[in-house]
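# Inside the fold
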Amino acid sequence: MSVQTPPAKKANTNIPAAPPTMAQQADRHMLYQESVQNSEFELDFIDETFEAITGRKATVMREDFCGTAISSVEWIQRREENTAIGVDFDREVLDWGRKHNVSQLSDEQKMRLELIEADVLDVKTQKVDVVQAYNFSYWFFQERATMLRYFKQVRESLVDDGALFLDMFGGSECYQTQKEKRKMDGFKYIWEQAEFNAITNELKCHIHFHFPDKSKMKKAFTYVWRVWGARELREILLEAGYSDATVYRQKFDDKTDEALDEYIATDEAEDYACWLGYIVARR
Ligand SMILES: C[S@@+](CC[C@H](N)C(=O)[O-])C[C@H]1O[C@@H](n2cnc3c(N)ncnc32)[C@H](O)[C@@H]1O
């Protein structure tokens, strides 16, 4: 028996195509760089802390999970003796970084930068002064054994007085679902903690971008992390062979409780709803 199918409708060619929305025209990596990253502040922290703990300036930096490699590019621009290696296993984001960020460098500066497409768990590089793993990307590693392997792997790549710089967050709010909106220049940044598993500490997060024309770029980025605690991370770092692992916690204004752009080495933290910090592990 033959099945009758309705005749195909002819496309109405008189309807003008809708102009693209702001979301359709936007570039998610550009929006990410504008809303999430503050490489200048992060590199200042690395510079000042490294000099304070070693008595010298760092010159050779490796940026793990480098994404668009903006931090490596800015490191190169900082001082003419600086060199950088960026590592990421995603070719698409590395290519974007080459096109938009590395292209800002002069030929001489480009010679001081190497981008490697590889898994940070396996990569072998020259010895470096500093490895930075920022934006919580090392929280992709959910098993303790994998985290230990990563920390050991990084330690092998550090010079004798080298250091690993990690960022982290803590406080009651990181163990719950929530949304946080921030107004940026020309768009809104939305951080969504969409799912949290209170047994495994697995947190699923999305970044969305909203635009003035009401268009939305939903789930521009999605991450599934384990929320690690400072204490357990320090224990793993020491087990990996690091001589010291210090937490630098964000300071809060005594009167207003407002978070400040200042980080102090301390083991003290009140019951903050949310705090940001760094862990600096010396080889
Ligand atoms: C949240 S982005 C971080 C970008 C940048 N470091 C920052 O501070 O904003 C995470 C990046 O880590 C990369 N990534 C995740 N796991 C990786 C792994 N095992 N090895 C190398 N890159 C990895 C992803 O491709 C992605 O570009």
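See above for the structure.
Heads up: these notes are all about the structure in this document. All values reported here derive from a predicted model rather than from experimental measurement. (Residues numbered from 1 in each chain as written. Predicted model: local features only at pLDDT ≥ 70, side-chain atom pairs only at ≥ 80, totals over all residues. Heavy atoms only, no water.)

## A look at the site of the ligand
Note the cut-off: When at least one non-hydrogen atom of a residue lies within 4 Å of a molecule or strand, that residue is treated as near it. Pairs of N or O atoms are called polar contacts if they sit within 3.5 Å, as long as, within protein, a hydrogen donor faces a hydrogen acceptor (for residues adjacent in sequence, only side-chain-to-side-chain pairs). Only Asp, Glu, Lys and Arg are considered charged in this grouping, and only Ala, Val, Leu, Ile, Met, Phe, Trp, Tyr, Cys and Pro are considered nonpolar; every other residue, Gly among them, is considered polar.
Every one of the 17 residues lining the ligand counts as a neighbour, but Tyr 32, Phe 65, Asp 88, Val 120 and Asn 135 are closest to it. Separating an oxygen atom of the ligand from a side-chain N or O atom of Asp 88 is a distance of 2.6 Å. Between Asn 135 and the ligand, the recorded distance is 2.9 Å, taken from a side-chain N or O atom to an oxygen atom. A class-by-class count of the residues in the shell around the ligand yields 10 nonpolar, four polar and three charged.

## Things to note about the sheet that holds strand S7 (residues 187-196)
What holds strands together in a sheet is hydrogen bonding between their backbones, with the strands either parallel or antiparallel. The cut-off we apply is this: When DSSP finds two or more bridges between a pair of strands, those strands are recorded as paired. Note on conventions: DSSP H or I runs of at least 4 residues are helices, E runs of at least 2 residues are strands, and numbering of each starts at the N terminus. A fitted line through C-alpha atoms serves as each axis, taken over the contacting stretch for helices, and the angle formed by two N-to-C directions is quoted from 0 to 180°.
With respect to topology, four strands assemble into an open sheet ordered S6-S7-S8-S9, the strand pairing being antiparallel. In the strand order of this sheet, the two ends are held by strand S6 (178-184) and strand S9 (216-226), each with one partner. For this sheet, the mean angle separating the axes of adjacent strands, direction not counted, is 20 degrees. With seven bridges joining them, S6 and S7 adopt antiparallel strand pairing. Counterpart to Lys 179 in the pairing with S7 is Glu 192.

## Describing the pairing of strand S12 (residues 275-282)
Looking along a regular strand, one sees side chains alternate from face to face of the sheet. For clarity, the threshold we go by: Here the term buried applies to any residue with accessible area under 20% of the maximum for its type, exposed to any over 50%, and partly exposed to those in between, with areas from a 1.4 Å probe on protein chains only.
For S12, a buried count of six out of eight residues is recorded, marking the element as mostly surrounded by other parts of the structure. Pairing of strand S5 (residues 158-170) with S12, which is carried by eight bridges, proceeds in the antiparallel orientation. Paired with Met 168 across the bridge in S12 is Gly 277. For strand S10 (residues 244-252) and S12, the ladder comprises six bridges, and the chain directions are antiparallel. The residue of S12 that forms the bridge with Asp 244 is Arg 282.

## Notes on the packing of aromatic side chains
Test applied: Between the rings of Phe, Tyr and Trp (Trp by its six-membered ring), a pair exists once the centres lie within 6.5 Å; its type follows the angle of the planes, with under 30 degrees stacked, over 60 edge-to-face, and the other angles tilted. The criterion is that NZ of a Lys, or CZ of an Arg, lies within 6 Å of the ring centre and within 35 degrees of the ring normal, and then a charge sits over that ring.
Overall, the coordinates contain 29 aromatic pairs when judged by the stated rule. Between the aromatic rings of Phe 65 and Phe 141, the centroid separation amounts to 5.9 Å while the plane-to-plane angle is 50 degrees, which identifies the pairing as tilted. Residue Phe 65 is found in the loop between strand S1 (60-64) and helix H4 (70-78), and its partner Phe 141 is found in the loop between strand S4 (128-133) and helix H7 (144-156); the two are separated by 76 residues along the sequence. Under the relative-accessibility criterion, Phe 65 is labelled buried at 18%. Summarising the aromatic geometry, the rings of Tyr 223 and Trp 225 are spaced 5.2 Å apart at their centres and angled 10 degrees between planes, so their arrangement reads as stacked. The pair formed by Tyr 223 and Trp 225 is uniform in burial state, with each residue classed as buried. The aromatic ring of Trp 75 is capped on one face by Arg 79, whose charged end is 5.2 Å from the ring centroid. The ring of Trp 228 carries Arg 226 above its face, with NZ or CZ at 3.6 Å from the centroid.

## Points about the nonpolar core
Selection criterion: By convention a nonpolar core is built from buried Ala, Val, Leu, Ile, Met, Phe, Trp, Tyr and Cys residues, the set being connected through side-chain atoms within 4.5 Å. Marked domain ranges trace back to an automatic or database domain assignment.
In terms of nonpolar packing, the biggest core is built from 58 residues, with Tyr 138, Trp 139, Tyr 150, Phe 151 and Phe 209 touching the most fellow members. Counting the residues that make up this core, at least three belong to each of domain 1 (25-170 + 227-282) and domain 2 (173-223). Val 73, Ile 76, Leu 105 and Tyr 278 belong to the second largest nonpolar core, which has 25 residues in total.

## What about the sheet that holds S12?
Stated formally: In this description, contact between two residues means that some pair of their heavy atoms is separated by no more than 4.5 Å.
Taken in spatial order, the eight strands make up an open sheet running S3-S2-S1-S4-S5-S12-S10-S11, and their pairing is mixed. Each of the sheet's edge strands pairs with one partner strand only, and the pair in question is strand S3 (113-117) and strand S11 (259-265). Between one strand and the next, the sheet's axes are offset by a mean angle of 20 degrees, whatever the strand orientation. In this sheet, S4 lies alongside S1 in parallel orientation, the contact comprising four bridges. In the sheet register, Glu 63 faces S4, and the bridge partner there is Gln 132. Sheet strands in contact with helix H5 (residues 91-100) are strand S2 (83-88) and S3, and its direction is about 160 degrees off that of S3.

## Looking at the pattern of salt bridges
Operational definition: Definition used for salt bridges: Asp or Glu carboxyl oxygen within 4 Å of a side-chain nitrogen of Lys or Arg.
Enumeration over the complete set of coordinates arrives at 18 salt bridges. Note that Arg 56 is salt-bridged to Asp 161, the shortest N-O span being 2.8 Å. On the criterion of sequence distance, the pair formed by Arg 56 in the loop between helix H3 (39-54) and S1 and Asp 161 in strand S5 is long-range, its members being 105 residues apart. With a relative accessible area of 27%, Asp 161 lands in the partly exposed category. Its salt-bridge partner being Glu 117, residue Arg 91 comes within 2.8 Å of it at the nearest N-O pair. Of this pair, Arg 91 sits in helix H5 while Glu 117 sits in strand S3, and the two are 26 residues apart along the sequence. Connected via shared salt-bridge partners are Asp 44, Asp 47, Arg 78 and Arg 79.

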